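If you want the building blocks of each chain, they are given just below.
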Amino acid sequence: MKLYIGKGFYNPKGELARKLGVLGFLESSSDEVFEAFGGIGVRTVMYGIFGRAKKIWANEGNRRIFCELKANILINSIDNVILTNQDIFRLCLKLANEGKKFKFLDVDPFGSPSKYLPYVFLLVKPGSFLYLTSTDMPTLVGNRKGDDWRIYGTYIPKIPIYPEMGLRALIYKVWNVASSLGMGIRVMFYLFERYAYRVFFQFTDSPNTDDLGFAYYCKNCGNFGVERRVKGICENCGKILTYSGNTWIGKLKDGEFLRKMFEASVEMGWEDAKRYISNLLEEPDLPFYYELSSLRVARIPRRDKIIGVLRDMGFVAGKTTFSSTGIKSNIRFKDFVTLISELG
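Residues numbered from 1 in each chain as written. Predicted model: local features only at pLDDT ≥ 70, side-chain atom pairs only at ≥ 80, totals over all residues. Heavy atoms only, no water.

### Concerning helix H12 (residues 333–343)
We apply this condition: Burial classification: accessible surface area is computed with a 1.4 Å probe over protein chains only, and a residue below 20% of its type maximum counts as buried, one above 50% as exposed, and the rest as partly exposed. Secondary structure elements follow DSSP: runs of H or I of four or more residues count as helices, runs of E of two or more count as strands, with numbering from the N terminus. The arc in question is formed by the directions pointing from the helix axis toward the C-beta atoms. Contacts are assigned to residue pairs that have any heavy atoms within 4.5 Å of one another.
For H12, the full list of buried residues reads Phe-333, Phe-336, Leu-339 and Ile-340. Projected down its long axis, H12 carries its buried residues within an arc of 120 degrees, all on one side. Residues of H12 that are exposed and point more than 90 degrees away from the buried face comprise Lys-334 and Glu-342. Where H12 is buried, its residues contact strand E11 (290–291), helix H11 (303–312) and strand E13 (323–329).

What follows is the structure in structure tokens.
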């Protein structure tokens, strides 16, 4: 794989994300890719070489960057590529009017993808897959009050477990737009990076309202959880809870899909992707996690020791990809704090 990098944006830290997109594409049983924001063509080339896509539609609205996209397609001899230099809103409307639908779409804009979703979703149908990126981290981690409601339609508080809170708010936005078109979503996997969220979706034929609810966090004692109706008071200390919602409280991964991706990563020899997928498979698919660094306990044992004890006690427990000091478990908050105090 060769790359011409001129003045266009290229992020070498995004290598894992690009590999996960290719692996997801391979398991989507699709032979065509629609890339809404092609950039300089790094993903385009990877879908062509490693994804073995039979047809790629890559669009880039910036003319200068579009020239770099064309150059990278040429020097890598990628065939069966349609390149367009159009405004993405107009392009989506044009293709929708022609009745065009895609089974696999890659949407990686600068900042938030929210304003593009109603247009891009005109090109999907139940069964389609979407690989979505958001670099709107200030809003999604709770640093921009007001923008969370305006952009994502939900409140996002700034709390210790903000990495997962932001991800679930982003997923809720995708669900919201999909449901307005009569579709539901299934989350196949995610990747949290300090500068971006990546989420891989599959669309379903009806909105799944059972996966919506409210996430809460107690700023007094640290208790957290999800519920479908707001109670308002912390059952652990009696103080008022902080809520995020509506939000996505459903699953964040599809085990069978990830196992197939893992097998493909082994064949590719992509060790970083293999390692991440393995970690994600081992992570309990529970809403939110215990952030050890925020617990008000004098001494905190090693994370591995805590997880081992929890499993010996019969609880589900494991590491989380959101934090190097986080633990996902189905033990109650009060009992968890008591256990940490005894172990410390």
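### Section: the sheet that holds strand E12 (residues 317–320)
Let me state the cut-off plainly: Strand pairing requires that DSSP identify at least two bridges connecting the strands.
Spatially, E11-E13-E12 is the arrangement adopted by the three strands of the open sheet, whose pairing is antiparallel. Two strands lie at the open edges of the sheet, namely E11 and E12, each paired on one side alone. Of the pairings in the sheet, the one linking E11 to E13 comprises two bridges and is antiparallel in character. The residue bridging Glu-291 from the neighbouring strand is Gly-326, located in E13.

### Observations regarding the environment of Lys-125
Counting through the fold element by element, Lys-125 comes out in the loop between helix H5 (117–120) and strand E5 (129–134). Exposure remark for Lys-125: the relative accessible area of 42% places this residue in the partly exposed category. For the pair Lys-125 and Thr-204, spaced 79 residues apart in sequence, the C-alpha separation works out to 8.0 Å. Those residues within four positions of Lys-125 in sequence are excluded, and the remaining contacts are Lys-101, Met-183 and Phe-203.

### Considering the nonpolar core
What tends to happen in soluble globular proteins is that the nonpolar side chains get buried as a cluster. Test applied: Nonpolar cores are built from buried Ala, Val, Leu, Ile, Met, Phe, Trp, Tyr and Cys residues. Side-chain atoms within 4.5 Å join them into one set.
Counting residues in each nonpolar core, the largest one holds 111 residues, and the members touching the most others are Leu-20, Phe-34, Phe-121, Phe-189 and Phe-336. When residues in this core are grouped by element, the largest group, ten residues, is from helix H8 (residues 162–180). Excluding its chain neighbours within four sequence positions, the residues that come into contact with Leu-20 are Tyr-131, Phe-189, Leu-191, Met-261, Ala-273, Tyr-276 and Ile-277.

### Focus: the packing of H11 against H12
How two helices pack is summed up by the angle between their axes together with the distance between the axes. Short version of the rule: To define axes, lines are fitted to C-alpha atoms, for helices over the stretch in contact only, and angles between the resulting N-to-C directions are given on a 0 to 180 degree scale. With respect to orientation, any angle under 35 degrees is reported as roughly parallel, any angle over 145 as roughly antiparallel, any angle of 65 to 115 as roughly perpendicular, and every other angle as oblique. The sense of a crossing depends on the near helix, which, turned anticlockwise from the far helix by less than a right angle, makes the crossing left-handed and, turned clockwise, makes it right-handed. As a working rule, the residues Ala, Val, Leu, Ile, Met, Phe, Trp, Tyr, Cys and Pro are called nonpolar, Asp, Glu, Lys and Arg charged, and the rest polar, with Gly in that last group.
Where H11 meets H12, the closest approach of the two axes is 11 Å, and the angle between their N-to-C directions is 120 degrees. Classified by the angle between their axes, H11 and H12 sit oblique to one another. Relative to H12, H11 is oriented so that their crossing is right-handed. Listed contacts from H12 to Lys-305, Ile-306, Val-309 and Leu-310 of H11 are Phe-336, Leu-339, Ile-340 and Leu-343. Across the contact of H11 with H12, the residue classes tally to seven nonpolar, no polar and one charged.

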